[in-house]
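One letter stands for each residue in the lines below.
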Amino acid sequence: MKSNKLLTALALSLVILASCNKGRYDFDHVQGVDVEGETLLPLATGSFTLMGMMQRFQIDSLIDFDASGNMTYNYFYENFGVVEGSELLKFKDLNYNEHFAFENPIPFVLPHPIDTVLSYEHTLTFEADHIGVVEAEMRSGHFDFNLETNIGAVTRVIIRSTDIKDAQGHDLELVFPLASSSFGFDLDGLHYVTETPNMLNLSYELYFSMTGSTDDELYFDIDITGNELAIKKMTGYVESYGTRSHMDTVFSLFPDNVSGMLRVNDVNIRLRERNTFNLEARLDIDTAMVTCEGIMPFSVFEPLPLVIDLPTQMDFNEVFSQNVDGRINAAGGRTFASSNFIINPNGISDLVSVADTCGIDVRVDVAIPMAFRVSDVHYLDTVNLNIAEIKTPEWVKKLTLELTFISTIPFDLSGRFLMYNSETEQVTDVLLDDATLIAASYDGQATTSNITVEVTEERLQNLFKSNKIILDLQLDTDGRNVVLNGNQSLQFFTKAKAEYDGIVEFDK
C-alpha cells in the first residue's frame, strides 16, 4: 500500500498547489492528474545453505556433518548369509539297494510253517559336499526300508546301530512288528557318532515265518532311502570350498533437480564382515564396476582379483579399507560386483566344530566426501515471486530488476532465470539466459554479484502473469578440486524499481 499512498499523496499535492494558484478550490472540474515517479520494492529472496539443501533434497539422513560442517555422503550395502552353515551341514539323499541270495537247503514245501531269524550287517556311506562328519546332532532325516524275499513272511525286524544314539546316549535299537514289508524311522534329534567319517554301520535281525519253497535259491532284497538328512551341529572335517556371490545395486546422490558429472576423490570403501564359522575364510573379488549415464563403465579396484581375508569373529569388524577416485553422474548410477567366498581356503585338515547357525555376513560402507571437481552440473529450483507488491501495475511503464547474489559456495554459477506461472504451468518470460551470475568463493570469503535486468513495457504483462522464478543454474569449479561444507551459503535478492506514469482519477 505504500506505493499507492505515495502516488495518491503526490497527486493530491499537485491538485492543491494548482488550486491555490487560482485562489479557490473547485474539485468539480478535476478530471484526473498525471503522475510520474518510481519506487523500489523487494520481489523475491532466497537463502540456501548446503546443509539446508541436503534437507530440501531429503537426503540429509545419508549425509554426515562434522562439527565444522564438512560433509560426507554415506552409502552401504549389506548381504547376510553369503555363506550359511545350513547349506554346508547336510548329507545328500541316500538310495541303497542290496541283493542277498543263497542255496535253498530245503527245496520243498513244509507241512507246517516254521519260524526262523536271519541276521545281517552292512555299512552305508553318507555322501556330502565338503564335509567329513565324525560326530553330529541331527536336525532332520528319515530312513525308509523295503524288503522283498521268497524265504517267507517277514514278521518282525530289529535294527541296531552303535553309530546312532538317543539323547541319553543309548545305542539305536528299533523293533518293527510288520504287517507289510516296508518300515522306517526318523533321525530328528538323534546323535551320530562314527570312527570313520560319514560311515554308518547297521545290523538287522529279520524274523520269518517259513512255509518252504521249491526254488533252488533263496533271496532277500533290501532297499534303503534316506531323505532330508540335515545336521544341526557337527564335529569333523571341512574341505576348502567356495560359493559365488553377485551384487547388483543402484545408488543415487541427488534428486532429479541436480544433474551433471562430478569428479570424486578419496572415496573410502570399507568392508566389514562377521564370520561365525570356526574356520578361516577369504573373499576373492574379480569384478567391481561402476556405471553411470554418460560415463564409460570403470573398475573400482585395480588390479583384480582383490583378495581379502575373512577371519573368524562373532561381531562385525573391518577387514578392508581403501580410497578410490572416479567420475560419476550427480544423479547416481549402478554398481556391479562378483566374487567368491571361500571357506578354509588353505585346505587345513584339522578337526573342527560347525553349527548350521554359522555363517558369513558382509557389509560394504562407501563414504563419499563432498569434495568434487565439477563440470556441467545443473541445479534446478524455484523461488516465489511476490509480484503483488507492485500496486497499480497499469501505471508501470518500465521495471528494472536488480539481482544480488552473496555466496560462499566454491562454484562458479551461470544460468537462466525464467518467469513462471504455476497455475498455467507455463514459462512466461526469460529474464536471464546463459548469464554469468556469481564467481566462486575459493577462500571462504563471500563474493557479491549484482545484475540488472530491464523489463520494458511490452514484457511487463508477462511478468505480472508470473508467481515464481525458475532458477536453472550451471555449476563449475574451473578445473579445481573443491570441498563442500554445510555452512556454505548462497543468498539471493531480487528488487524491482518500478517507474510509474499514469493518471489519478477522482470521483465527483
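See the structure shown above.
Treat the numbers as computed from the prediction; the structure is a model and nothing was measured.

Participant: Looking at this structure, how should I read the overall build of the protein chain?
Facilitator: Scanning the protein chain from terminus to terminus reveals four helices and 29 strands. Per-residue burial over the protein chain gives 44% buried out of 508 residues. Restricting to contacts in the protein chain with at least 6 residues of sequence separation, those with at least 24 account for 87%. Carbon and sulfur atoms provide 48% of the accessible area of the protein chain, an area that totals close to 26,300 Å².

Participant: For this particular structure, what's the right way to read the side chain of glutamine 488?
Facilitator: Relative to the helices and strands, glutamine 488 is located in the loop between β28 (482–483) and β29 (489–505). Separated by 3.3 Å, the side chain of glutamine 488 and the backbone oxygen of valine 483 make a polar contact. Those residues in contact with glutamine 488, other than ones at most four positions away along the chain, are Phe48, Thr49, Leu50, Thr408, Ile409, Pro410 and Val483.

Participant: I'm lost on empty space enclosed by the protein in this one. Help?
Facilitator: Over the atoms a probe the size of a water molecule is rolled, and this reveals where empty space is left. Under the definition given, this model contains four cavities of 30 Å³ or more. There is about 680 Å³ of room inside the largest cavity. What lines the largest cavity is a set of 37 residues, and nearest its centre among them are Met247, Ile269, Thr335, Val364 and Val366. Tallied by class, the residues present in the lining of the largest cavity amount to 29 nonpolar, seven polar and one charged.

Participant: Whenever I open this one, the pattern of salt bridges confuses me. Can you help?
Facilitator: When charged atoms on two side chains of opposite charge get close, those side chains can pair. On inspection of all chains with the given rule, the structure shows 16 salt bridges. Across the pair aspartate 361 and arginine 274 runs a salt bridge, and its minimum N-O distance is 2.8 Å. Pair noted here: aspartate 361 is in strand β21 (residues 359–369) and arginine 274 is in strand β14 (residues 258–275), with a separation of 87 residues, a long-range link. A salt bridge links arginine 282 to aspartate 284; the nearest nitrogen and oxygen atoms lie 3.0 Å apart. Overall, arginine 282 belongs to the partly exposed group, its relative accessible area being 23%. On the basis of relative accessibility, which here comes to 15%, the residue aspartate 284 falls in the buried class.

Participant: When you look at unusual backbone geometry in this model, what are you seeing that I'm missing?
Facilitator: Across residues other than glycine, the phi torsion is negative in most instances, and most of the peptide bonds are trans. In this chain, glutamate 302 is followed by proline 303 through a cis amide linkage whose omega measures -5°. In this structure, proline 303 sits in the loop between β16 (295–299) and β17 (306–310). Here the amide bond leading from leucine 304 into proline 305 is cis, since omega sits at 5°, within 30 degrees of zero. Along the chain, proline 305 falls in the loop between β16 and β17.

Participant: Looking at this structure, how should I read the nonpolar core?
Facilitator: Counting residues in hydrophobic clusters, the biggest one holds 122 residues, and the most contacted among them are Phe143, Phe145, Ile360 and Phe417. When near neighbours in sequence (up to four residues on either side) are disregarded, phenylalanine 143 contacts Leu94, Leu124, Phe126, Phe183, Gly184, Phe185, Leu187, Leu200, Ile224, Thr225 and Gly226.

Participant: Before we go on, may I ask you to explain the packing of aromatic side chains in this structure?
Facilitator: Two numbers describe a pair of aromatic rings. These are the distance of the centres and the angle of the planes. All chains considered together, the criterion is met by 19 aromatic pairs. Aromatic pair tyrosine 120 and phenylalanine 220: ring centres 6.1 Å apart, planes at 80°, arrangement edge-to-face. Taken together, the positions of tyrosine 120 in strand β5 (residues 109–125) and phenylalanine 220 in strand β12 (residues 217–238) put the pair 100 residues apart, joining distant regions of the chain. Pair check on accessibility: tyrosine 120 and phenylalanine 220 agree, each one buried. An angle of 45° between the planes, with centres 6.2 Å apart, marks the rings of phenylalanine 143 and phenylalanine 145 as tilted. According to the relative accessible area criterion, phenylalanine 145 is buried, its value standing at 2%. An aromatic cluster of at least three residues, connected via ring pairs, comprises Phe91, Phe100, Tyr120, Phe126, Phe143, Phe145, Phe176, Phe183, Phe185, Tyr192, Tyr204 and Phe220. Over the face of the ring belonging to phenylalanine 76 we find arginine 363, whose NZ or CZ atom lies 3.9 Å from the ring centre. Positioned above the aromatic ring of tyrosine 442, the side-chain terminus of arginine 480 is 4.1 Å from the ring centre.

Participant: What is the right way to read the side chain of aspartate 361 from this model?
Facilitator: You can call aspartate 361 buried: its relative accessible area is 12%. Polar side-chain contacts of aspartate 361 include one of 2.7 Å to the backbone nitrogen of glycine 81. Side-chain polar atoms of aspartate 361 contact the side chain of arginine 274, separated by 2.8 Å. Setting aside residues up to four positions removed in sequence, aspartate 361 forms contacts with Asn79, Phe80, Gly81, Arg272, Glu273, Arg274 and Phe316.

Participant: Can you walk me through the pairing of strand β6 (residues 131–149) in this structure?
Facilitator: The side chains of a regular strand alternate, first on one face of the sheet and then on the other. Where β6 and β12 come together, 16 bridges link them in antiparallel fashion. Along β12, the bridge assignment pairs aspartate 144 with threonine 225. Pairing between β6 and strand β10 (residues 191–193): three bridges, direction antiparallel. Each residue of the ladder has a partner; that of glutamate 137, found in β10, is histidine 191. As judged from the five bridges shared by β6 and strand β9 (residues 182–186), these two strands associate in the antiparallel manner. Residue pairing across strands places phenylalanine 145 opposite phenylalanine 183, the latter belonging to β9.

Participant: Explanation requested: the environment of leucine 401 in the structure shown.
Facilitator: Mapped onto the elements, leucine 401 comes out in strand β23 (residues 396–407). With 97 residues separating them along the chain, leucine 401 and alanine 498 place their C-alpha atoms 8.7 Å apart.

Definitions and cut-offs
Residues numbered from 1 in each chain as written. Predicted model: local features only at pLDDT ≥ 70, side-chain atom pairs only at ≥ 80, totals over all residues. Heavy atoms only, no water. Helix = DSSP H or I, 4+ residues; strand = E, 2+ residues; numbered from the N terminus. Buried < 20%, exposed > 50% of the residue type's maximum accessible area, 1.4 Å probe, protein only. Contact = heavy atoms within 4.5 Å. Areas by Shrake-Rupley, 256 points an atom, 1.4 Å probe, with all protein chains shown as cover. Polar contact = N/O pair within 3.5 Å; in protein donor to acceptor, adjacent residues only side chain to side chain. 1 Å grid on protein atoms, 1.4 Å probe; cavity = no way out; pocket = protein on both sides within 12 Å on 5 of 7 lines; lining within 4 Å. Points joined across faces, edges and corners; volume = space filled by probe spheres on them. Nonpolar A, V, L, I, M, F, W, Y, C, P; charged D, E, K, R; others polar. Salt bridge = Lys/Arg side-chain N within 4 Å of Asp/Glu carboxyl O. Core = buried A, V, L, I, M, F, W, Y, C linked by side-chain atoms within 4.5 Å. Phe/Tyr/Trp six-rings, centres within 6.5 Å; stacked < 30°, edge-to-face > 60°. Lys NZ or Arg CZ within 6 Å of the ring centre and 35° of its normal. Pairing = 2+ DSSP bridges.

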